[in-house]
Amino acid sequence: MNRDLFIKSHGLGNDYIILVETNISFSLNEKSISKICDYHYGVGSDGILLHVSSNNAEFGLRIFNPDGSEAEKSGNGLRIFCKYVYDEGLTSSRNFTVETPGGIVHAHVVEEHYGKARVVSIDMGKAIFNSSLIPVKNNNIECLREKLLLDDKTFEINCVSVGNPHCIILTDELDEAEIMEYGTIIENHVMFPNRINVQFVKVIDRKNAAILIWERGAGYTLASGSSSCAVASMLKKLGLVDNDVSIKMPGGELCILLDDDYNIRMTGEVREIARGHLSKELTEEFIH
């Protein structure tokens, strides 16, 4: 990749910009990240995927939210990154490992169709329900069916980590206005010391669920891989679904496969949108 070259791709409408650490002429910080991710003053995206070196896996990945904060893991981001790794010829194998701050994952490039759209399967690790490890401030070992008291409303919440933290709220009907109103309030609640991703969930049957997503540091999001993994794991924990679950989102659908120890495999499509160079007129704003 040439200097300051970017690739923009999406996983079910959740879009990321890929940059290579050794090929950019500026530092990634809150200012540069927020400007690049801005849809009016930058390229526009739900985050940045930074290709870095790794001593523990074949490839290294850091994931940044549009507000400049760093995410431990992103399911859509990982699938996008793995497509890039394979498409750019950085490996000839369809199976490889990627290290993220949320742990090492195993990836498999499943197939190609519709040009260069790819189906990618990711071993996302194991769901963690221990409150202190998510982390969640509460008095119980696990945060299941607990009350979250807000100024004007009370939600029943369930919390889990899949390498990053998630707060899951079951509902009979999904209401976009509701998650837009309460998403940021829940994300930043004192109960969650590292903030939290939020999902409103409607169970359809034992193999299907529909969700709306408020992503930590990004806001309302059309799709999220880690959210889908978190929801499937929690629904299995609550006895509401089987091991093979389809998670339906406004941006599309992901297939989540769980084993009895809550190890997670996520499979879904990713597509490239565009590639180009970040203009010097843009990058000079980061330096000065």
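Anyway, here's the lowdown on the structure attached to this text. For clarity, every value in this text was computed on a predicted model and none was experimentally measured.

Turning our attention to the packing of aromatic side chains. Taken as a whole and judged by the stated rule, the model has six aromatic pairs. Relative to Tyr182, the ring of Phe155 lies with its centre 5.3 Å away and its plane at 75°, an arrangement referred to as edge-to-face. With Phe155 in strand S10 (residues 154-161) and Tyr182 in helix H3 (residues 176-187), this pair connects stretches of sequence that are 27 residues apart. You can call Tyr182 buried: its relative accessible area is 6%. Cluster of aromatic residues (ring-pair linked, three or more members): Phe155, Tyr182 and Phe200. Here the basic side chain of Lys236 rests over the ring of Tyr262, its NZ or CZ set 5.5 Å away from the ring centre. One residue, Lys237, lies across the ring of Phe129, its end atom 4.7 Å from the ring centre.

In terms of nonpolar packing, the biggest core is built from 53 residues, with Val98, Ile122, Ile247 and Ile256 touching the most fellow members. With seven residues, helix H2 (residues 75-87) is the single largest residue contributor to this core. The residues contacting Val98, other than those within four sequence positions of it, are Ala57, Phe59, Leu61, Leu78, Phe81, Cys82, Gly103, Ile104 and Val105. Leu150, Met191, Ile196 and Phe200 belong to the second largest nonpolar core, which has 20 residues in total.

Over its 13 residues, helix H4 (residues 225-237) runs 18 Å from end to end, which matches the ideal 18 Å to within 8%, given 1.5 Å per residue. When H4 is considered as a whole, its buried residues turn out to be Gly225, Ser226, Ser227, Ser228, Cys229, Ala230, Val231, Ala232, Ser233, Met234, Leu235 and Lys236. Just downstream of H4, Gly239 is the residue with a positive phi angle, here 80°.

A few words on the pairing of strand S3 (residues 48-52). Within S3, five of the five residues are buried, leaving the element largely enclosed by the surrounding structure. Neither face of S3 is exposed, since Ile48, Leu50 and Val52 on one face and Leu49 and His51 on the opposite face are all buried. Pairing between strand S2 (residues 14-20) and S3: four bridges, direction parallel. Residue Leu19 lies in a different strand from S3, and its bridge partner there is Leu50. For the segment spanning S2, helix H1 (residues 30-37) and S3, crossover handedness is right-handed. Both S3 and strand S4 (residues 59-64) contribute to a ladder of five bridges, which runs antiparallel. Within S4, the residue paired with Ile48 across the bridge is Phe64. Connecting the antiparallel pair S3 and S4 is a turn made up of six residues.

Across six bridges, the pairing between strand S1 (residues 5-11) and strand S17 (residues 263-277) is antiparallel. Across the sheet, the residue bridging to Lys8 is Ala274, located in S17. Note that strand S16 (residues 252-258) and S17 share four bridges and pair antiparallel. Bridge assignment links Ile256 to a residue of S17, and that residue is Met266. Following S16, the chain reverses through four residues before pairing antiparallel with S17; Tyr262 in that reversal takes a positive phi of roughly 70°.

Right, let's get into the pattern of salt bridges. Following the criterion strictly, the structure yields 20 salt bridges and no others. In this structure, the salt-bridge partner of Glu88 is Arg275, at a minimum N-O distance of 2.8 Å. With a gap of 187 residues between them, Glu88 in the loop between H2 and strand S6 (95-100) and Arg275 in strand S17 connect regions that are remote in the sequence. The class of Glu88 is partly exposed, set by a relative accessible area of 31%. Through salt bridges with shared partners, a single network forms among Asp67, Glu187 and Arg195.

Thresholds, definitions, all that
Residues numbered from 1 in each chain as written. Predicted model: local features only at pLDDT ≥ 70, side-chain atom pairs only at ≥ 80, totals over all residues. Heavy atoms only, no water. Phe/Tyr/Trp six-rings, centres within 6.5 Å; stacked < 30°, edge-to-face > 60°. Helix = DSSP H or I, 4+ residues; strand = E, 2+ residues; numbered from the N terminus. Buried < 20%, exposed > 50% of the residue type's maximum accessible area, 1.4 Å probe, protein only. Lys NZ or Arg CZ within 6 Å of the ring centre and 35° of its normal. Core = buried A, V, L, I, M, F, W, Y, C linked by side-chain atoms within 4.5 Å. Contact = heavy atoms within 4.5 Å. Expected span 1.5 Å × (residues − 1). Pairing = 2+ DSSP bridges. Right-handed = clockwise from strand over helix to strand, strands pointing away. Salt bridge = Lys/Arg side-chain N within 4 Å of Asp/Glu carboxyl O.

Spatial relationships are all this shows, so hold off on functional conclusions.
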